Amino acid sequence: MHRVVVTGIGALTPIGNNAEEYKSGLFNGVSGAGPITHFDASQFRTQFACELKGYNTGDFFDRKEGRKLDPFSQYAIVTADEAIKNSGIDFSKEDPTRSGVIWGSGIGGFEVLESEISYAATNTGTPRYNPFLIPKLIIDIAAGHISMKYGLRGVNYAVVSACATSTHALALSMDTIRMGRADVIVTGGSEAAITKTGVGGFGSMKALSPRNDDPKTASRPFDRDRDGFVLGEGAGGFVLESLEHATARGANIIAEIVGAGMTADAHHITAPHPEGIGATQVMIDALNDAKMNPEEIGYINVHGTSTPLGDIAESKAIKKVFKDHAYNLNISSTKSMTGHLLGAAGAVEAIAGLFALTEGVIPPTINHHNADPEIDAKLNFTFNQAQEKKISAFLSNTFGFGGHNASVIFKKFEN
């Protein structure tokens, strides 16, 4: 079985439009939340989100190309390009049949779907749909565009598991390389759901925080007064390679991905199991897959969405898995800064963990004001300020509607 390493990363987030900017935002505890500018949200219960700042389609795509791409595909291409450049790989010198893409999105082309349905509903006669409606809408199209841009003719497909999507993409990419079916995979996830439909849909479920008077502190994981998540957008991308391939081309190895777990709660369409049984098992499975003891993990980037039930269930699961070592861990929810990027969350948060691993700094959980009596106050949630700490391995959790759970483990690379 082949070892799998990370050689490139890319990020497009509400607190930074590339990986370096994202790292700075994380370590400085920056909130990406603010009033929605993508559309008039004045009639909605929640009127704020974590939007990208200063992103312009024209900076990356010409007018003709940009019109053919939904924002979720744009974000995927931009982020994959950064990861590929960061890795230093030249795909013109690679075997295209051994290079692939596994990319995910929880929702896909929400913007084009919304605009086309609105058009059909407000026009009489035979609707003249945009001929690019379907190619812009479908979730697999992002992986297709990345493969076409770089001529990658190996494995190519999309992953969809709601908010666990891009963690599943990482896990499946790792397994594909482990089994020898590819040498290189570009992987990650992207999301562009800050639309009327996205905000209205999640809002009607009472999933979103309605804290319109103070958006920047609305995402407050593990706080007593948390009242829902803040919707985010963006993308996170990776270049994964077999160790042999990376070594042969002299690549800079950022870290090694060593294990993954994938489970289901089998409990409820949106609510986690109150005792965190799926979350518990997925972390156990990831540790077993990595052949690691719980004591080897120094940091957990938690799912931590700032919802009343989810944060309690995840904290219970951590204590069950890590027992006494749970109190030695640093834990943080970077969603407190980026908001919830849905299908892109896992990749973006795994990159946060890589920064903790390589820089020796744990990003904080910001916006903590009051302890929740149902959450163990002895756990170190890295509240409000980054902490210096050298770690050798970390675990990243993501859990999605439908009861989908995924965890991945990365560690420092050692020959």
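Look above for the structure.
Residues numbered from 1 in each chain as written. Predicted model: local features only at pLDDT ≥ 70, side-chain atom pairs only at ≥ 80, totals over all residues. Heavy atoms only, no water.

**Student:** Any chance you could explain the layout of surface pockets here in plain terms?
**Tutor:** Remark: the empty space left among the atoms is shown by a probe the size of a water molecule rolled over them. Put simply, the largest pocket is a space of about 540 Å³. Lining of the largest pocket is provided by 34 residues; of these, Thr270, Ala271, Pro272, Thr307 and Phe401 occupy positions nearest its centre. Elements that contribute at least two residues to the lining of the largest pocket include exactly α10 (277-290), α11 (308-322), β13 (393-400) and β14 (404-411). Residues of the lining of the largest pocket, tallied by class, amount to 13 nonpolar, 16 polar and five charged. (1 Å grid on protein atoms, 1.4 Å probe; cavity = no way out; pocket = protein on both sides within 12 Å on 5 of 7 lines; lining within 4 Å. Points joined across faces, edges and corners; volume = space filled by probe spheres on them. Helix = DSSP H or I, 4+ residues; strand = E, 2+ residues; numbered from the N terminus. Nonpolar A, V, L, I, M, F, W, Y, C, P; charged D, E, K, R; others polar.)

**Student:** Explain the side chain of glutamate 51 here, please?
**Tutor:** Checked against the element boundaries, glutamate 51 lands in the loop between β3 (48-49) and α2 (63-67). We note that glutamate 51 is buried and unpaired, the nearest opposite charge coming from lysine 53 at a distance of 6.6 Å. (Buried < 20%, exposed > 50% of the residue type's maximum accessible area, 1.4 Å probe, protein only. Lys, Arg positive; Asp, Glu negative; His and termini not counted. Salt bridge = Lys/Arg side-chain N within 4 Å of Asp/Glu carboxyl O.)

**Student:** I keep staring at helix α1 (residues 19-27) and nothing clicks. Help me out?
**Tutor:** Residues that lie three or four places apart on an α-helix share one face, since the helix turns once every 3.6 residues. When we look at burial in α1, the residues that qualify are Ala19, Tyr22, Lys23, Gly25 and Leu26. For α1, the angular spread of buried residues about the axis comes to 165°, placing them on one side. Near the N-terminus of α1, the side chain that reaches the backbone nitrogen of glutamate 20, with its oxygen 3.2 Å away, is that of asparagine 18. Note on α1: the residue one or two positions beyond its end, glycine 29, has a positive phi of about 65°. (Arc of directions from axis to C-beta. Polar contact = N/O pair within 3.5 Å; in protein donor to acceptor, adjacent residues only side chain to side chain.)

**Student:** Would you take a moment to explain the nonpolar core for this structure?
**Tutor:** The nonpolar side chains of a soluble globular protein tend to be buried with one another. In this structure, Ile9, Tyr22, Phe238, Leu354 and Phe410 are the most contacted members of the largest nonpolar core, which totals 43 residues. Going through the elements one at a time, β1 (4-12), α1, α7 (165-178), β7 (234-242), β8 (255-264), α13 (345-359) and β14 are the ones with two or more residues in this core. The element best represented in this core is α13, accounting for ten residues. One finds Phe72, Ala80, Ala143 and Val186 within the second-largest nonpolar core, a separate group that totals 28 residues. (Core = buried A, V, L, I, M, F, W, Y, C linked by side-chain atoms within 4.5 Å.)

**Student:** Teacher, can you tell me more about the environment of serine 31 here?
**Tutor:** With respect to the helices and strands, serine 31 occurs in the loop between α1 and β2 (34-35). If we ignore the near neighbours within four places in the chain, the residues touching serine 31 are Ile15, Lys216, Met337 and Ile366. Of the polar contacts made by the side chain of serine 31, one reaches the backbone nitrogen of alanine 33; its length is 3.3 Å. (Contact = heavy atoms within 4.5 Å.)

**Student:** Explain the pattern of salt bridges to me, please; I cannot follow it from the model alone.
**Tutor:** For side chains bearing opposite charge, pairing can occur when the charged atoms are close. In total, this model carries 17 salt bridges according to the counting rule given. Salt-bridge contacts for arginine 224 lead to aspartate 225; the nearest nitrogen and oxygen are separated by 3.1 Å. The shortest N-O distance in the salt bridge between glutamate 349 and lysine 335 comes to 2.8 Å. You can see glutamate 349 sitting in helix α13 and its partner lysine 335 sitting in helix α12 (residues 335-338), a full 14 residues away along the chain. Each member of the pair, glutamate 349 as well as lysine 335, is classed as buried. A single salt-bridge network, built from bridges that share partners, covers Glu20, Lys23 and Glu359.

**Student:** I tried to follow α7 on my own but got confused; where do I start?
**Tutor:** In a regular helix each residue adds 1.5 Å, so 14 residues correspond to 20 Å; α7 covers 20 Å between its end C-alpha atoms and thus fits that length. Among the 14 residues of α7, twelve are classified as buried, and the element is accordingly described as predominantly covered. Taken as a whole, α7 has its buried residues at Thr165, Ser166, Thr167, His168, Ala169, Leu170, Ala171, Ser173, Met174, Thr176, Ile177 and Arg178. (Expected span 1.5 Å × (residues − 1).)

**Student:** What's the story with the pairing of strand β4 (residues 99-104) in this structure? I'm lost.
**Tutor:** On any regular strand, side chains alternate: one points to one face of the sheet, the next to the other face. For β4, the buried fraction is high: six of the six residues fall into the buried class. Neither face of β4 is exposed, since Ser99, Val101 and Trp103 on one face and Gly100, Ile102 and Gly104 on the opposite face are all buried. In this structure, β4 lies alongside strand β6 (residues 184-191), joined through six bridges in parallel fashion. Counted as the bridge partner of isoleucine 102 is threonine 187 from β6. (Pairing = 2+ DSSP bridges.)

**Student:** Explain the environment of alanine 164 here, please?
**Tutor:** When you line up the elements, alanine 164 lands in the loop between β5 (156-159) and α7. Note on alanine 164: relative accessible area 0%, which makes it buried. Beyond its immediate chain neighbours, meaning those up to four positions away, alanine 164 contacts Thr398, Phe399, Gly400, His404 and Ala406.

**Student:** What's the story with the sheet that holds strand β10 (residues 330-332) in this structure? I'm lost.
**Tutor:** Pairing between the strands of a sheet is mediated by backbone hydrogen bonds and can be parallel or antiparallel. Reading across from one edge, β5-β4-β6-β7-β1-β8-β14-β13-β9-β10 is the order of the ten strands in this open sheet, with mixed pairing throughout. For this open sheet the edge positions go to β5 and β10, each flanked by a neighbour on one side alone. The sheet shows a mean angle of 25° between the axes of neighbouring strands, taken without regard to direction. The sheet contact formed by β4 and β5 spans four bridges and is parallel. Directly across from tryptophan 103, in β5, lies its bridge partner alanine 158. Each of β1, β4, β5, β6, β7, β8, β13 and β14 is contacted by α7, which is oriented at about 120° to β8, the strand it contacts most. (Axes fitted to C-alpha atoms, helices over the stretch in contact; angles between N-to-C directions.)

**Student:** Help me understand the side chain of serine 315, please; the structure alone is not making it clear to me.
**Tutor:** In this structure, serine 315 sits in helix α11. Discounting chain neighbours no more than four positions away, the residues touching serine 315 are Ile375, Leu379 and Phe381.

**Student:** Sorry if this is basic, but what is going on with the packing of α10 against α11 here?
**Tutor:** Axis separation between α10 and α11 bottoms out at 8 Å; the angle between their running directions is 40°. It follows from the interaxial angle that α10 and α11 lie oblique. Taken as a pair, α10 and α11 cross one another with a handedness that is right-handed. Every residue of α11 that contacts α10 at Ala279, Thr280, Met283, Ile284 and Leu287 is listed here: Ala317, Ile318, Lys320, Val321 and Phe322. When the residues that make up the contact of α10 with α11 are grouped by side-chain class, the tally is eight nonpolar, one polar and one charged. (Parallel < 35°, antiparallel > 145°, perpendicular 65-115°, else oblique. Left-handed = near helix turned anticlockwise from the far one by under 90°.)

Geometry only, nothing functional implied.
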